[in-house]
Amino acid sequence: MTGVAIEQMLELWCVELRQVKAHLQSLFAHPSIAASAAAFLDGVLGPERRKTGWMRAEAAGDPGPWRQQAVLGRSHWDADALRDMVRDYALETLAAPEAVLVLDETGFLKQGQRSCGVGRQYTGSAGKIANCQIGVFAAYVSDKGCAFIDRQLYLPKDWINDAIRRQAAQVPDSIGFVTKPEIAAQMIARALAAGVPFDWVAADTIYGVGAIEMQLRRAGKGYVLGAHATDQFSSWIDKPEVAGTAEQIAQALSPEGWTRLSAGDGTKGARLYDWAYVELADLRAEEYNKDLTGLWTRGLLIRRTIADEDLAFFSTWCPAGTPVETLVRVEGQRWAIEDAFETAKTELGLTHNETRSWHGWHRHVSLVMLAFAMMAVVRERANSHPSPQKRSDEARLQHWYAGLSRKSAAWPHASSNAGSSPPS
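An account of the accompanying structure is given in this report. (Residues numbered from 1 in each chain as written. Predicted model: local features only at pLDDT ≥ 70, side-chain atom pairs only at ≥ 80, totals over all residues. Heavy atoms only, no water.)

Focus on the packing of aromatic side chains
What the rule picks out here adds up to 11 aromatic pairs. With a centroid separation of 5.5 Å and 70 degrees between ring planes, the pair formed by F108 and W361 is classed as edge-to-face. Taken together, the residues span a long stretch of sequence, with F108 in strand β1 (residues 100-109) and W361 in helix α13 (residues 358-383) at a distance of 253 residues. Look at F108 and you get buried, because its relative accessible area is 2%. With a centroid separation of 5.2 Å and 45 degrees between ring planes, the pair formed by F148 and F372 is classed as tilted. Highlighted residues: F148 in strand β4 (residues 145-154) and F372 in helix α13, separated in sequence by 224 residues. (Phe/Tyr/Trp six-rings, centres within 6.5 Å; stacked < 30°, edge-to-face > 60°. Helix = DSSP H or I, 4+ residues; strand = E, 2+ residues; numbered from the N terminus. Buried < 20%, exposed > 50% of the residue type's maximum accessible area, 1.4 Å probe, protein only.)

Listed below in structure tokens is the structure:
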């Protein structure tokens with residue numbers, strides 16, 4: 001983060017949080033529930049390492065977690081309306097040309113079998129099969145920052161087919177079984193319908209070759225989607241003859257076919273890999289959508305690790321003439337959602353959800369998404385601030401936030417006992 005004076009940074013936080021809380025009120029019919037949602041934001045943005053209901057209640061000065069439980073469970077409000085609000089709020093600041101919509105999933109490790117969607121399933125968060133929930137997310141990534149703009153809990157088939165568990169977890173009757181790629185396709189459709197400005201989609205292999213490719217071609221969006229080593233690729237229409245699995249094509253490349261490029265900066269500097277790009281065909285956009293024009297290239301992007309020459313493969317679709325550097329940049333943006341997951345989990349309590357219901361999960365996650373989006377907005381505004389002051393340490397700001405309560409008397413916030421309920 002570029003440097004601004006500490007006083008200016010605190011003022012940015014104060015103003016932004018006040019505005020976010022005021023905007024949040026429109027989602028709730030009762031002021032006490034709006035106040036509880038505001039207290040939720042205070043809790044997840046505060047210095048406590050655990051963001052449980054008791055911890056958030058203690059930070060708000062409440063005698064117990066009942067107000068926090070009410071905003072996630074007993075109260076009546078639409079988590080999808082908050083999801084859309086977060087999306088629109090983030091885009092006001094982060095929207096930019098050549099933005100990338102990144103699709104990925106993350107695991108929520110759980111004890112027991114009552115939390116909605118929980119089961120023994122593979123999660124990359126743990127790198128193994130574990131008892132967990134899986135959430136599919138869409139993040140908007142531009143040169144101005146990153147924010148989550150969509151989310152959905154994945155329900156395994158054994159949950160869909162168990163009426164008793166569905167009822168206990170308050171799963172809506174309208175929710176049927178959908179695969180993770182189908183959830184991702186729904187998120188892309190929502191982004192397109194909302195007019196989200198993005199040029200590219202990036203995703204891991206689970207969301208790669210298949211229906212999502214055709215969806216994006218019809219929408220006129222470029223993509224860099226993970227592919228498996230065993231996926232078949234072949235060239236046609238005036239391109240050099242190439243045919244075989246992705247791995248076979250990679251192994252046949254000459255040394256001159258590789259270029260060393262950075263996929264973006266990581267925690268240890270530039271993330272350098274060797275890259276190869278194989279153009280497979282030039283196709284007209286109107287073949288997929290009569291309202292589109294231009295020549296687009298179907299291709300295979302290959303990434304090779306410098307240390308051990310491990311290979312990764314990506315199916316690509318882009319305007320003809322797009323340089324490999326652009327495709328590498330797009331693929332590198334997938335790292336942003338991984339970093340966002342880590343920050344949301346360790347700093348904002350994304351995985352500290354104690355509710356067991358369908359709507360409880362989506363409410364908790366959507367409120368955390370709002371807090372994360374606010375951090376991204378404040379960061380971008382600080383970066384563009386005209387005053388060149390000393391560089392501020394972003395991690396320390398999390399702890400300084402606790403002192404903001406002295407400046408927040410005017411923020412929308414009900415008394416600590418408003419809307420509280422006796423323990424059940």
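Next, the rest of the story.
Let's talk about the pairing of strand β6 (residues 222-227)
Within β6, six of the six residues are buried, leaving the element largely enclosed by the surrounding structure. Neither face of β6 is left uncovered, since the one carrying G222, V224 and G226 and the one carrying Y223, L225 and A227 both have all their residues buried. Where strand β5 (residues 200-203) lies against β6, four bridges are found, and the strand directions are parallel. Bridge pairing in β6 places A203 opposite L225. Each parallel crossover has a hand, and the one from β5 via helix α9 (residues 211-219) to β6 is right-handed. (Pairing = 2+ DSSP bridges. Right-handed = clockwise from strand over helix to strand, strands pointing away.)

Regarding the pattern of salt bridges
When charged atoms on two side chains of opposite charge get close, those side chains can pair. Counting across every chain of the model gives 22 salt bridges. D84 is paired through a salt bridge with R87; the nearest N and O atoms lie 3.3 Å apart. With D84 and R87 both in helix α5 (residues 79-94) and three residues apart, the pair spans about one turn of that helix. Between D88 and R87 there is a salt bridge, and its shortest N-O distance comes to 3.1 Å. Look at R87 and you get buried, because its relative accessible area is 12%. Members of the salt-bridge network, linked through shared partners, are D80, R83, D84, R87, D88, D150, R151 and R190. (Salt bridge = Lys/Arg side-chain N within 4 Å of Asp/Glu carboxyl O.)

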